[in-house]
Amino acid sequence: MPQAEITIALAGNPNSGKTTIFNTITGTRQKVGNWPGVTVEKKEGRVKKYGYDLNIIDLPGIYSLTPFSIEEIVARDYILDDCPDVVIDIIDASNLERSLYLATQLRELGRSKVLFALNMSDVARARGFKIDADKLSELLDVPVLETVGNKNLGIDTLLQRAIEMVKTGAAPPQGRKVRYSKDIEAAIEELETLLRPHVLAEGLYDPRWTSVKLLENDSVVLKRLRATLSEDILTPLLEKTDDLRRTLQARYNEDPEIVLTDERYGFIAGIMKEVFTTSSR
C-alpha cells in the first residue's frame, strides 16, 4: 500500500520565491514556530492533494549548505537527519548561476529525492534570459519544472511530480554530481574507501559527500563522526584526512575548502554555458 503522507521540504536562496510557493500550497493551513534549540523561524503546513496528506516544510532561505550560519546548519541538518521524502529546490531563474550553487550541493547530498523548480521564469524571460530546462535536467539528472509562484503557475504540476517520485520508490539518482580535478577526486576516493563500511553500518551520511566535507574541514560533520565512530576507526580516518589536506594545500597553495568551492563554481560555469543564453531586446 502506498504511503498516505509525504513530507516535502522547500529549499532555496532568499528572495527566490520559496515562501511565496509555500504560501500558495498551504494557504492558511500553516503552523509557525522555531526550529528546536534556535531562534530560526520554522514554518510548516499540511494540505491534502491527489489522495495524499502533504506535509510541507519551508526551510530557511540560504545560499549554500556550508555551515557558516545557523540557517545553513538548520536546513542541512533537517535534510540529512529528518530525510524528507522530497526536497524541492526553488531556483530563481533570473539569478540562475547563483542559485545553482545551492542546487549542486543539494544534488551532492545523496540523501533525499531532489526536484528543481525553475521559479520566476516569467521574470527571466522578460530580461531576455533563455534557460533550457530539459538540458539542465539532463546534466544534473534531476527533474526541472518551470513555475511562477506568485501567479500559481506550475505549482500543481510540481506537487504531482514530487508525489510521483515518491510513488515510484526509485533511489536518488547517482549520476552526474560535481566532478572535481584528478587530485581532489583521488583524495575523495581514499577517504570513501575508509568510510564506506562504517558510514553504512552506523547509518551515517553518504560516504562520498562525507569525504568531501572532511576535505573541507566541515566542523558539523567532524563533530558527528567523533560522536559516532569508535576511536580505532576515527583516529586513522582523521590522520588520513589531515595528510590529504596537507598534500592538497601544498599542491594548490590554497586551503582545500577554497579549492573545492572554486571547482564547484567551475562545474556550474560549465552547466551555464550549456543551458543559458541571453538576447538583447
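To start, this report covers the structure provided alongside it. Starting from 1, residues in each chain are numbered consecutively following that chain's sequence as written. The predicted origin of the model limits local features to residues at a pLDDT of at least 70 and limits the giving and counting of side-chain atom pairs to 80 or more, whereas totals for whole chains, interfaces and linings rest on all residues. As a convention, hydrogens and water are excluded, and side-chain values are obtained from all of the structure's heavy atoms.

Examining helix H3 (residues 96-109)
Between its first and last C-alpha, H3 extends 20 Å over 14 residues, near the 20 Å set by a 1.5 Å rise per residue. Burial classes follow relative accessibility: with a 1.4 Å probe on protein chains only, a residue under 20% of its type's maximum area counts as buried, one over 50% as exposed, and anything between as partly exposed. In this description a helix means any DSSP run of H or I spanning at least four residues, a strand means any run of E spanning at least two, and both kinds are numbered starting from the N terminus. Counting buried positions over the 14 residues of H3 gives twelve, a clear majority of the element. Once H3 ends, the next one or two residues include Gly110, with phi positive near 65°. Given a helix with a known number of residues, its expected span is that number minus one, times 1.5 Å.

Quick word on the pattern of salt bridges
We count a salt bridge whenever a side-chain nitrogen from Lys or Arg sits within 4 Å of a carboxyl oxygen from Asp or Glu. Within this structure, the stated rule accounts for 21 salt bridges. The partner of Asp156 in a salt bridge is Lys49, and the shortest N-O contact between them spans 3.2 Å. A residue pair is termed long-range when its members are at least 10 positions apart, and Asp156 in helix H6 (residues 155-168) and Lys49 in strand S3 (residues 41-49) qualify at 107 residues. The partner of Glu138 in a salt bridge is Lys135, and the shortest N-O contact between them spans 3.5 Å.

What about the packing of helix H5 (residues 133-140) against helix H11 (residues 256-275)?
To obtain an axis, a line is fitted to C-alpha atoms, over the contacting stretch when the element is a helix, and the angle between two such axes runs from 0 to 180 degrees between their N-to-C directions. Packing of H5 against H11 leaves a shortest axis separation of 9 Å and a crossing angle of 145°. Judged by the twist between their axes, the crossing of H5 over H11 is right-handed. Touching Lys135, Leu136, Leu139 and Leu140 of H5 are Phe267, Ile271, Glu274 and Val275, all from H11. In terms of residue class, the contact of H5 with H11 is built from six nonpolar, no polar and two charged. Should the near helix be turned anticlockwise from the far one by less than a right angle, the crossing is termed left-handed; should it be turned clockwise, right-handed. Note on definitions: a residue-residue contact is assigned when non-hydrogen atoms from the two residues lie within 4.5 Å. Each residue gets one label: Ala, Val, Leu, Ile, Met, Phe, Trp, Tyr, Cys and Pro are nonpolar, Asp, Glu, Lys and Arg are charged, and the others, such as Gly, are polar.

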